[in-house]
2 protein chains.
Amino acid sequence: MPAKIMLVICDGLGDRPIKDIGFRTPLEASRKPSMDFIAANGVCGIMDPIAPGVRPGSAPAHLAIFGYNPYEYYKGRGVFEALGIGIDVKPGDLTFRVNLATVDDNLMVVDRRAGRIGGDDSRILFQLLDEELRIPGVELRFYPGVEHRGVLVIRGEGLSWMVSDTDPERDGAPILVCKPLDGSVEAKRTAELVNRISMDAYRILSKADVNRRRVSEGKLQANALLIRGASFYEPIPRVTERYGLKACCIAGGPLYKGVARYVGMDVIDVKGATGTYESDFKAKVEACIKALESYDLIYLHFKATDLAGEDGNYRRKIEVIERIDDALYMIIDKVEDYVITLTADHSTPCSIRTHSADPVPIAIAGPDVRVDDIGRFEERACSKGGLGRIRGLDLMPILLDIVNLTHKYGA
Amino acid sequence: MPAKIMLVICDGLGDRPIKDIGFRTPLEASRKPSMDFIAANGVCGIMDPIAPGVRPGSAPAHLAIFGYNPYEYYKGRGVFEALGIGIDVKPGDLTFRVNLATVDDNLMVVDRRAGRIGGDDSRILFQLLDEELRIPGVELRFYPGVEHRGVLVIRGEGLSWMVSDTDPERDGAPILVCKPLDGSVEAKRTAELVNRISMDAYRILSKADVNRRRVSEGKLQANALLIRGASFYEPIPRVTERYGLKACCIAGGPLYKGVARYVGMDVIDVKGATGTYESDFKAKVEACIKALESYDLIYLHFKATDLAGEDGNYRRKIEVIERIDDALYMIIDKVEDYVITLTADHSTPCSIRTHSADPVPIAIAGPDVRVDDIGRFEERACSKGGLGRIRGLDLMPILLDIVNLTHKYGA
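Residues numbered from 1 in each chain as written. Chains lettered and ligands numbered in written order. Predicted model: local features only at pLDDT ≥ 70, side-chain atom pairs only at ≥ 80, totals over all residues. Heavy atoms only, no water.

### Focus on the overall build of chain A
Okay, so step 1: Broken down by element type, chain A carries 14 helices and 13 strands.
Okay, so step 2: Its C-alpha atoms give chain A a radius of gyration of 22 Å, near enough to 22 Å, the size a compact globule of 411 residues would have.
Okay, so step 3: Viewed in the frame of its principal axes, chain A has a C-alpha envelope of about 65 × 55 × 40 Å.
Okay, so step 4: Partitioning the intrachain contacts of chain A with sequence separation of at least 6 by distance along the chain shows that 73% fall at a separation of at least 24.
Okay, so step 5: Carbon and sulfur atoms provide 48% of the accessible area of chain A, an area that totals close to 16,300 Å². (Helix = DSSP H or I, 4+ residues; strand = E, 2+ residues; numbered from the N terminus. Rg over C-alpha atoms; globule rule 2.2 N^0.38 Å. Contact = heavy atoms within 4.5 Å. Areas by Shrake-Rupley, 256 points an atom, 1.4 Å probe, with all protein chains shown as cover.)

Written out as structure tokens, the structure reads:
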């Protein structure tokens, strides 16, 4: 049998015990026969995506799980969004995530998402910025993303990603001044540049026809840009070269596609894969099965578990888990021939509505695996499994060894 | 609820199976309902204070448990004793633990503790050394400690803590020559300095009135100084700054107070807390409950378990465990609101009468904890718990994450 690995990541899946459901976690309270089947036919454990007690952001957690030490390879989030929406990022590019936002005359943020502007309005405004916002000495590019989101790329010499965000992260606060985060000349210069872009964008967007029309229609205008997630791009070794595996990604959210592209995976676009609650889970699993024909490592990502955690809605988290489980039913028979790994990139407990460092459950099923006696894919059940407690960076080496793609160290 | 953490450390608690009690450890053979309650209401595991197979000294083990990498922050033991007895140690000070000892005319040690001299006699002799022992180029200070113990501080340029002890660690052996432990000029100079102090101390102490009187009373004279635990002091980041927690220490032994002061904890003196078998455990637990009013992190230390291990007395170890358990009964209801962590700094098996690297049991109880199915706070029972096997350095990050004081790494 060819060495093929499916890596299924349910974002933010891990949780903490919730009183209202008998001190169980959403995973423990779900009906999830497919996930349990994978656990029962696999070796289970718990995993610290980064390290015990380290609360992982999604991008560094994914890098670690893909075998890339985030402390070496993570240089800000913007580049992942940029790669995720398909921008041809060049080595040395400084990238940012940007929001179209609504501010009042005092530059106080009224709506961080300009009424979730999107479609043509958003596209036209980003194009306007792309054409009109010029600063000597650097090249600026603006790209629309999903809804109010977009990407800013700054190309030039002497730039740094060590600068703070202008996004206050809440409505009712002023646009922040971008500040250097280290003592370098580059960070100082970049911060000045970002502040100038911030003001020029306000000037350009305020006069845009689109906004005049939106105001007349009673809509929020998108008269400002919130800039965040400064990120420096340089190419890194690709999974294909590192592991000798042809790899692809099936995901909805741009961030996850971006991390996959960053490590050199192909991105397979699936109709209906949106990275939202409404995402077509079954279409993604079908694409995953199809991808087995031409890929060795298939990374399949589900975002909605994390969304439910961030919404603090454990009922919805259970419902999402059960829908994912339903879709995964299509692949469970593959454990006879292939390695199926089921895990999460971090916990997002409903009680705290954000990421936590609680370890995530992991199950590795497939031929040649030391199947243990754990039959429930749950945080606490898996903690008693044969894998013990591992770290995200351990996962790829373990998987590669199971499919005999590792090489002997020494003689 | 405020984020408050109690960290209860029973020194040297871990042990090895003992044939005379049915191959159980003292902990396994104890009646300890309070400890078992904490285990039952918590997530359990085993912990290597430093790393698997590394036999921890108490000071490095405590540093690791407090989140300070001992390989970076541990620079000898003397400073902890000095801080523990309240000496105002200055940055750059070279500190040593010293013993008043009895030697014969050939400088052979007759009693390493000079008959456990203490009280006024000890105080007067240390004062004599402080006044009379002078060496050009450095400032020397002598301070009395508990019983025969004291502290020597050397202040000056070009000193090193890389020097060996003059203490032979047994009676009937000669005072050792202090030797440099690396090739530096500083270590060489410091070793020469220590040897000169060693000889000058003998000269001064031999002529002391106190000793003449002691001899006439048939007591052992304290005519020599044994010098050990060279240690270099420089201030390190305080727990308050690192973790945003106001922290305090409740302990009897100077070493533990010293480590606590070293990491910036306040030390709460409790009447009857002596760091001995006779220590008032209940008074310490009462102080711990009171400290909850004004502190976020309360480190509570019990020494007697280690003493019993070093005495090789498993019956006494069981008795001590049961007395501690009895005192801990007062805090068990706090698990509803606060995080209670119960563990040890290392194992001190009765069979070997010294520290071992056997991992120690750990239980973390409190709200939001993934309570597992372990109900016995014991070495082997805890090894099957939901925490798995962690390291001392993992503990603080895990605790901080449980109380949501960690920050997301990356986005």
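Still more ground to cover, so stick around.
### Notes on the sheet that holds strand E11 (residues 339–343) of chain A
Residue and element names in this part refer to chain A.
Okay, so step 1: Taken together, the 8 strands give an open sheet; going across it, the order is E9-E8-E10-E1-E11-E12-E2-E13, and neighbouring strands pair in mixed fashion. A single partner strand is all that each edge strand has here, and the edge strands are strand E9 (266–267) and strand E13 (388–391).
Okay, so step 2: Note that strand E1 (residues 5–10) and E11 share 5 bridges and pair parallel. By the bridge assignment, Ile 5 is partnered in E11 with Val 339. (Pairing = 2+ DSSP bridges.)

### Side note on the relation of the copies chain B and chain A
Okay, so step 1: Screw-axis analysis of chain B against chain A gives a translation of 0.3 Å along the axis, an RMSD of 0.1 Å, and a rotation angle of 125°. What we have between these two chains is a three-fold relation.
Okay, so step 2: Comparing contact sets, just 4% of the residues at the interface of chain B also lie at the interface in chain A, consistent with a heterologous contact between different surfaces. (Least-squares fit on C-alpha atoms with pLDDT ≥ 70 in both.)

### Re the packing of helix H10 (residues 281–291) of chain B against helix H12 (residues 314–328) of chain B
Residue and element names in this part refer to chain B.
Okay, so step 1: The N-to-C vectors of H10 and H12 enclose an angle of 35°; their axes lie 8 Å apart at closest approach. In terms of crossing hand, the pair formed by H10 and H12 is right-handed. In this structure, H10 contributes Phe 281, Lys 282 and Val 285 to the contact, and H12 contributes Val 320, Arg 323, Ile 324, Asp 326, Ala 327 and Leu 328.
Okay, so step 2: When its residues are assigned to classes, the contact of H10 with H12 shows 6 nonpolar, no polar and 3 charged. (Axes fitted to C-alpha atoms, helices over the stretch in contact; angles between N-to-C directions. Left-handed = near helix turned anticlockwise from the far one by under 90°. Nonpolar A, V, L, I, M, F, W, Y, C, P; charged D, E, K, R; others polar.)

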